[in-house]
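Listed below, chain by chain, are the residues.
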Amino acid sequence: MSGSEGRAAAGGAGAFDRSAPDPAARAIREFRRRFGAAPAVVASAPGRVNIVGEHVDHAGGVVLPMPIAERTAVALGSAVDGEGLVVSLELRREAAAPPPANFERLEPSSPQAWLNAAMGPLRLLADRGVQIPSLCAVVASEIPIGAGLSSSAALGTAMAAAALRWTGQGLDAVALARLVQDAEHRFTGTPCGIMDMLTAIAGRRGEALRLDCRTLERRGVPLPDALAMVLVDTGVRHALASSDYGLRRRETEEAARRLRVLSLREVTEATLEQANLPELLHRRARHVLREIARVDRAIEALRRGDLAELGSIVSASHASLREDFEVSTPEVERVVGRILSAHPGVLGARMVGGGFGGSVLVIVERTRLDTVGAALASAGLAAPPHSMRLVRSGDGYTAAAVEGSSS
Ligand code: GLA
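Because the structure is a prediction, the values reported are computed rather than measured.

Comments concerning the environment of A96
Okay, step 1: In this structure, A96 sits in strand β4 (residues 93-96).
Okay, step 2: Residue A96 is classed as exposed on the basis of its relative accessible area of 58%.
Okay, step 3: When the C-alpha atoms of A96 and R322 are compared, they prove to be 42 Å apart, with 226 residues separating the residues in sequence.
Okay, step 4: Setting aside anything within four residues of it in sequence, one finds A96 in contact with G84, L85 and L115.

Here is the structure:
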């Protein structure tokens, strides 16, 4: 999907306007303003929307995410007088940063804990022998935080990509994704799977990514032009580190342990039905198995251009996340209910990301986008605390030297 299509769609319903300036340009501009010189490098990485395959990456499952057009950018250069500093434009914060090799995890209660997500990947690169000097960095992002769009993996990926480019080093896609994932586990405390960062690294515009989280095998899945996707922000913010995300992960691991397998990926539904697990673990495992099965059905629906079928798979995923996996909330349910009843052109809807708030993905036929957008707006879903955006697929991460920089 191109930017011009996004704008054309915005023309009709008016609910999808998107005028924010490019975050890379903003980061470079602010870097120059503050530090009086061009940054050495600028890198950026996209957020993601997972079409289907939710809460299965940590169980060795198959997922179908796509990188989105919204990105987080990092402008990076040498520290001025040896004093490292990281500035976040969206958070309106700045913090002194030690040389990456000396960075230690900050307690979540610290006012500077936001640095963990930015500096964690750099510390892990330093641990691998990448010599990163003391640095100044400006972070600019258009990915809303806590909206289920993986702002954290985009920041970690952009920071690592910038530092690698700056130091002339390289890492292959899987090694880079593992490093960013490891940084999430160790520095921000979220025991996430590998889906978000691998999508930010290996995803391509115009495609979703079929990712097998057991083998890390990846395949691009073209998105039909007839498909339009809308995101409705519920306005409910989650914090994955403190939500029940980790508990859900432990529950699926406990189910696998009782079934004597390494991950739920090895189990069939027939085996699960015979296994006599406690009711709660049975439901958690059932979600994982059925959700994995939905991914290839969704890919087949995309191939055939059967958007009604895709919509019903997406809605079935939501029902399973609500009933079996229990990661929805009453507010998310109210929003999903309003979306589904807003217009018959809504083909399906589901929460995306880790759950407990965030955004809802809505499947629509492109020819009906304006009408459906207007109906969603009249249902109050475009006004605070909600907001709506058209989901456009984006490119994976990029990192480049900045013209006019001295290094
Ligand atoms: C969060 C995690 C991912 C994945 C999703 C749920 O986004 O970071 O690894 O587990 O939740 O699918």
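The structure having been displayed, the exposition proceeds.
Some remarks on helix α11 (residues 330-342)
Okay, step 1: Under the 1.5 Å per step criterion, the end-to-end length of α11 is 18 Å for 13 residues, consistent within 8% with the ideal 18 Å.
Okay, step 2: Three or more residues of α11 are buried, namely V332, V335, V336 and I339. Down the axis of α11, the smallest arc covering the buried residues is 100°, so these residues share one side. Projecting away from the buried face of α11 at angles above 90 degrees are the exposed residues P330, R334 and S341.

Quick notes on the packing of helix α10 (residues 307-323) against α11
Okay, step 1: Running from N to C, α10 and α11 cross one another at 160°; their axes reach a closest spacing of 12 Å. By the criterion of interaxial angle, the relationship of α10 to α11 is roughly antiparallel. In this structure, the crossing between α10 and α11 has a hand that is left-handed. Only V332, E333, V336 and L340 of α11 make contact with α10, whose side of the interface consists of S315, H318 and R322.
Okay, step 2: Grouping the amino acids of the contact of α10 with α11 by side-chain chemistry returns three nonpolar, two polar and two charged.

With respect to the sheet that holds strand β9 (residues 346-351)
Okay, step 1: Strands sit in the order β9-β10-β8-β11 across an open sheet of four strands; the sheet is antiparallel. The open sheet terminates on both sides in strands that have one partner only, identified here as β9 and β11 (387-391). Across the sheet, the mean angle separating the axes of adjacent strands is 25° when strand polarity is ignored.
Okay, step 2: Note that β9 and strand β10 (residues 359-365) share five bridges and pair antiparallel. Bridge pairing in β10 places V346 opposite V364.
Okay, step 3: Each of β8 (227-233), β9 and β10 is contacted by α10, which is oriented at about 30° to β9, the strand it contacts most.

Rules behind the numbers
Residues numbered from 1 in each chain as written. Predicted model: local features only at pLDDT ≥ 70, side-chain atom pairs only at ≥ 80, totals over all residues. Heavy atoms only, no water. Helix = DSSP H or I, 4+ residues; strand = E, 2+ residues; numbered from the N terminus. Buried < 20%, exposed > 50% of the residue type's maximum accessible area, 1.4 Å probe, protein only. Contact = heavy atoms within 4.5 Å. Expected span 1.5 Å × (residues − 1). Arc of directions from axis to C-beta. Axes fitted to C-alpha atoms, helices over the stretch in contact; angles between N-to-C directions. Parallel < 35°, antiparallel > 145°, perpendicular 65-115°, else oblique. Left-handed = near helix turned anticlockwise from the far one by under 90°. Nonpolar A, V, L, I, M, F, W, Y, C, P; charged D, E, K, R; others polar. Pairing = 2+ DSSP bridges.

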